[in-house]
Structures are given as C-alpha cells and as structure tokens.
Amino acid sequence: NVFWLGSLLVAAVALVSGWRLRRLNPAAAPVALVALAWALLWWLMAGLVEMDEHLQPRYVVAGQLGLAVVTAWLLLLGGRRSGWRGAEGASLLLLPASAAMFAFWLALKSQPLADACWLAWPLAIATGMAVLYRMESWVLPRVLRLGHGFCLLLTTGLVTWQGWWLFRDLGEPGSAWPVLGWALAPMAVIALLDSQRIRRCWPVRSFAEAYDLAALPIALGLWFWVFLANGVSDGSASPLPYLPLANPLDLASAGALLLLLNRFRRWPGTTALLPLVTMLLAATTFYWLNGVLLRTLHHWAGVPFDFDLMMRSTLVQASLSLFWASMALLAMLFATRRRLRAIWLFGGALMALVVAKLFLVDLAGAGSVERIVSFIGVGLLLLVIGYFSPVPPKRQEAS
C-alpha cells in the first residue's frame, strides 16, 4: 500500500526531525512543535483514509476513536521516554477529538455504544484520565481542571444517552419509562460526587473544584428534567399500576429534588444564595406535587391528560383549590412552630391566591358539588389557620 507506507515515512521523518531539532537547539522548540504537528497530520490522515477504505461504515467511528487512543498513548509514552514534553502534551488532543466524535456520533446513531463503540468509548475516557494523571506534575492546573471537567461531562452524556436508549421502548409515548431514562445517569453522577468515599479518592480529591463546577450543568439539566417530565408524562408505567408517589416518575422526581438540595447546600460559595436556591427548590417541589395531583385525577377519575381540558374540569379546579389550601396550611403551621415569618407570609400569599381562585374561577359558573366542596373545604382550612397558626413576630429568636 503505497499511500499508507508513504504517509508513515513522511510522518516518521517529520517526527524525528522535530525531536532532533529540539535536542540540538532548545531555541528551535517552536519549529520542533511544527514538525510534530506535521507528523501527526500525516499519521492521522493515513489512518482515517485506510479505515474509510477497509472498514465497514458502521465501524468507522469506533476505529477513529481507537486511532485517537493509540495516538495518545504513543505520544504520552514516547514523549515521556524521550523527555519531549511537547509530544507528551500533544496527547491532550484526545479530549477535543473525543468531543468532536461524540457530536458526530450523536447525529448519526440512536445508541452510543453500538458497533464496537462499547469498547472504544471506555478506552477513550480511560486514556484521557491516564493522560491527565501523568501530566499533573507539569501541566497548568487550569488545563487539568478543564480536562477533568470535560471527562465528567462526556461520561455523563454517554451514559445518559445510553440510558434513554435502553428505556425508550419500555412504554407508550408519554409514559414514564422513556422519560425516566434521561434522569438516572445524572442522578447517579450527582449522588457519587456527594459521596464522601468518592470525594476522598483520586481524581475528585485533587480536583474537587473542577468536578463541582462540571456538576453544575448536570444539576441544572436534572432540574430542567423535573419540569419537563412532570409536564409531558402522564406517569403511566405499564405493566405497573399507577400509584401516586409510588410510581417511577414520582420516585425519580423526589430523588432528583433531594439530590439537588444536597448538592447546592454543598456548593462552594453558595451560602449567600442558599435562601434563593431553597425557595426555587420549594417552588419546584410545589410544581411536582401539582403534577402528582393532576396525574392521579387522570388515572383515577378519568380526566384527560390535556392541559386545556383539565383546566376546564370542575373536579380539577376543586382539587387544586383544596390542595393549595392544604399546602398553605402546612406551610403556615410549620412557620408558626419554627417562628419563620417569611415562610408564613408565603403560605398566606398562597392562601390569598386560593381565595381569589375560588371567586374568580371555582364559583364563576353554575353550582356543582365540586365547587361547593372546595368552597366549604377552603373555609374550614381558613378557620384552622386562624386558630392554630398566627403570624410569627418580625424579630425571630436566634436558632
């Protein structure tokens, strides 16, 4: 194969030239790096052309990953043995190459580990971690932190994608199973990063800040998943029956919210933002619980799982009024017991919203049993609040 042998010869000549230039004249180090880049260009081009000609098309991505892994190891070990740090540092190019191939594979396939990629991707990630480990003594810490954060995001993306593929055919469109596949991997990653055993081990121990920063988009993605999943899925998990709070969607939503609360409480520098984060998580929890109520009415009372139709249902409106009033009562009782004025005011605002809803929505049309029950139920809850939950004083005792 003239092209393959000729390309290898040009790459070898460029590589040896760069190595000799560096040894004979340290001032020629930039020229040596140009020769190294020329050698890599010929080597990679020859490999890609050979794979395109001799591999089946479905194995090309796995072959390209394998070529990148082999190249990284040759640069890492060869550069260390010869003392050429430029060649050793070039092995870091594996990371952006993996990102490019991930984006390319994402556009082509529905399963990330198909066609021998089940071997190629773990090898690429393990090689990337090995490269970062071998360079801790001389590479800039900023570069190392960036590399570790990239490896975490790439691994999470691959496992999340694979999780969706495994769950996508388990239920009907709109059921809980396909939606659940997107959440399991991010939840596992956040739980592992919060584990004390993991935080005492390399690399999290040495680069905790990098992993905490890389976990931020994962946590935000999980937060977005809670909103999206509770808005598009009716919670059905056939062959399992639907049980409120004891179904896959609600269990995953509750677990995600607990993990997010624990993660943001541990987040460096978020002490000042903790009240805001807690408030946002409380609002998300309220949104999720409303989803639990609507899904229960859909499965148990036959209300269609459609937003417009649900908002026109008197049963749904009455249930929302009683539910919101109950939540306001619990918040205000808790605030009175703990002397937390802000939470009491939040519960009071929610109760005022319920009263406004009663007159503007529930009682706007003709009378019905649901409207009467909601009106009486909210009135009784107001009496309970007035008796058991007075407003806490402005000045709170130090806790």
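Conventions we followed
Residues numbered from 1 in each chain as written. Predicted model: local features only at pLDDT ≥ 70, side-chain atom pairs only at ≥ 80, totals over all residues. Heavy atoms only, no water. Helix = DSSP H or I, 4+ residues; strand = E, 2+ residues; numbered from the N terminus. Buried < 20%, exposed > 50% of the residue type's maximum accessible area, 1.4 Å probe, protein only. Lys, Arg positive; Asp, Glu negative; His and termini not counted. Salt bridge = Lys/Arg side-chain N within 4 Å of Asp/Glu carboxyl O. Contact = heavy atoms within 4.5 Å. Phe/Tyr/Trp six-rings, centres within 6.5 Å; stacked < 30°, edge-to-face > 60°. Core = buried A, V, L, I, M, F, W, Y, C linked by side-chain atoms within 4.5 Å. pLDDT = per-residue confidence, 0-100. Expected span 1.5 Å × (residues − 1). Bend = angle between axes of the 7 residues up to and from the residue.

**A short note on the side chain of Glu50**
With respect to the helices, strands and loops of the structure, Glu50 is situated in helix α2 (residues 29-54). With no salt bridge to any partner, buried Glu50 finds its closest opposite charge in Arg58, at an N-O distance of 19 Å. For Glu50, the residues in contact, after removing those within four places along its chain, are Asn1, Phe3, Trp4 and Leu55.

**Description of the packing of aromatic side chains**
The geometry of two aromatic rings is summed up by the distance between their centres and the angle between their planes. Counted according to the given criterion, the structure contains 11 aromatic pairs. Aromatic pair Phe286 and Trp324: ring centres 6.2 Å apart, planes at 45°, arrangement tilted. Placement of Phe286 in helix α13 (residues 274-301) and of Trp324 in helix α15 (residues 314-338) is noted, with a sequence separation of 38 residues between them.

**Brief notes about the nonpolar core**
Counting residues in each nonpolar core, the largest one holds 46 residues, and the members touching the most others are Leu222, Trp225 and Leu260. Listing elements by their share of this core, those giving two or more residues are α6 (117-134), α7 (141-167), α8 (176-180), α9 (184-193), α11 (208-232), α12 (248-266) and α13. Ranked by residues supplied to this core, first place goes to α11 with 11 residues. Residues in contact with Leu260, not counting those within four places in the same chain, are Ile190, Ala219, Leu222, Trp223 and Leu281. Counting 18 residues, the second-largest nonpolar core is a separate cluster that includes Phe102, Trp105, Cys117 and Ile125.

**Some points on the confidence of the model for the protein chain**
Per-residue confidence for the protein chain averages 86 on the pLDDT scale, and 89% of its residues sit at or above 70. At the low end of the mean pLDDT range in the protein chain sits helix α17 (residues 369-388), at 64; at the high end sits α9, at 94.

**Let's talk about the pattern of salt bridges**
Taken as a whole and judged by the stated rule, the model has six salt bridges. Through salt bridges with shared partners, a single network forms among Asp194, Arg199, Asp212 and Arg263.

**With respect to the environment of Ala29**
Its place among the elements puts Ala29 in helix α2. Residue classification places Ala29 among the partly exposed residues on the basis of a relative accessible area of 31%. In the structure, Ala29 is positioned 55 residues away from Trp84 in sequence and 9.8 Å away in space, judged by C-alpha atoms.

**A short note on α11**
The terminal C-alpha atoms of α11 lie 36 Å apart, and with 25 residues this matches the ideal 36 Å at 1.5 Å per residue to within 8%. The principal kink in α11, of about 30°, is found at Leu216, preceding the proline Pro217 by one to four residues.

**Examining unusual backbone geometry**
Geometrically, the link from Trp202 to Pro203 is a cis peptide bond, its omega value of 5° lying close to zero. Note that Pro203 resides in the loop between α10 (196-199) and α11. Geometrically, the link from Ser238 to Pro239 is a cis peptide bond, its omega value of 10° lying close to zero. With respect to the helices, strands and loops of the structure, Pro239 is situated in the loop between α11 and α12. Of note, the phi angle at Asp115 is positive, near 55°, even though the residue is not glycine. Among the structural elements, Asp115 can be located in the loop between α5 (94-108) and α6. In the Ramachandran plot, Leu245 falls in the positive-phi region, its phi being about 70° despite a non-glycine side chain. Mapped onto the fold, Leu245 is located in the loop between α11 and α12. On the accessibility criterion, Leu245 (44% relative accessible area) is partly exposed.

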